[in-house]
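Architecture and fold: a report
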Amino acid sequence: MRICDLIKNQETYQAEIGQTVLETVRTMVEHNIGAVPVLHNGKLVGIFSERDLMKRVVAQGRDPGSTRLAEVMSADPVTVSRNEELENCMTLMRQHSFRHLPVCHEGQLVGMVSLRDILLHDLSEKDDEVRMMRA
């Protein structure tokens, strides 16, 4: 299966590089997401994740209300194309120890895939297989 099949109905929340950590985290909490792509003039320049929040904001005693994403995001993230196979995405995530991958097409962000998305998809496929075998 390819990434485009997994993200086709996905709404991708994104942040601008000048936003504060506080406003970004509020959006993340509201939408129950663990990482957001960070854009500058429409171009993907980073990712801000729960891990960035803990390591670069909380642990360093920064004020989330005045700290900008540009200061604490993970810059230049690895991306995949929308035609990438799920298995390759899992391999990339394992190699680089991250749980979120931005999906781009012709240089534009088109979605974000998480390890959780892939695992939930695999589980539902396995459930379908079991149902078919029982039938």
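See above for the structure.
The paragraphs below set out a description of the structure included in this document. (Residues numbered from 1 in each chain as written. Predicted model: local features only at pLDDT ≥ 70, side-chain atom pairs only at ≥ 80, totals over all residues. Heavy atoms only, no water.)

With a phi close to 55°, Ser 97 is a non-glycine residue in the positive phi region. By secondary structure assignment, the location of Ser 97 is in the loop between helix 5 (86-96) and strand 6 (100-105). Looking at Ser 97, the relative accessible area reads 52%, which means it is exposed. Even without glycine at this site, Glu 106 takes up a positive phi of about 50°. For Glu 106, a relative accessible area of 72% puts it in the exposed group. (Helix = DSSP H or I, 4+ residues; strand = E, 2+ residues; numbered from the N terminus. Buried < 20%, exposed > 50% of the residue type's maximum accessible area, 1.4 Å probe, protein only.)

Let us look at helix 2 (residues 21-31). Because each turn of an α-helix spans 3.6 residues, side chains separated by three or four positions end up pointing in the same direction. Residues of helix 2 that are buried include every one of Val 21, Thr 24, Val 25 and Met 28, and no others. One side of helix 2 carries all its buried residues, which in axial view fall inside an arc of 95°. Every exposed residue of helix 2 that faces more than 90 degrees away from the buried side is listed here: Arg 26 and Glu 30. In the core, the buried residues of helix 2 are packed alongside strand 1 (15-16), strand 2 (35-40), strand 3 (43-49), helix 3 (50-58) and helix 4 (69-72). Positive phi appears at Asn 32, one or two residues downstream of helix 2, with a value of about 55°. (Arc of directions from axis to C-beta. Contact = heavy atoms within 4.5 Å.)

The next point concerns the side chain of Ser 49. Within the secondary structure layout, Ser 49 lies in strand 3. With relative accessibility at 14%, the residue Ser 49 sits in the buried group.

Following the criterion strictly, the structure yields two salt bridges and no others. Notably, a salt bridge pairs Asp 52 with Arg 56, separated by 3.1 Å at the nearest N-O pair. Of this pair, Asp 52 and Arg 56 are both found in helix 3, four residues apart, which corresponds to roughly one turn of the helix. Its salt-bridge partner being Arg 62, residue Glu 71 comes within 3.0 Å of it at the nearest N-O pair. Assessed through its relative accessible area of 29%, Arg 62 is described here as partly exposed. (Salt bridge = Lys/Arg side-chain N within 4 Å of Asp/Glu carboxyl O.)

Looking now at the sheet that holds strand 7 (residues 108-114). Spatially, the three strands line up as an open sheet ordered 5-6-7, and their pairing is mixed. Strand pairing shows two members of the sheet lacking a second neighbour, strand 5 (80-81) and strand 7, which therefore form its edges. As paired strands, strand 6 and strand 7 are joined by six bridges and run antiparallel to one another. Bridge pairing links His 105 to Gln 108 in strand 7. Docked against the sheet, helix 5 engages strand 5, strand 6 and strand 7, running at close to 130° with respect to strand 6. (Pairing = 2+ DSSP bridges. Axes fitted to C-alpha atoms, helices over the stretch in contact; angles between N-to-C directions.)

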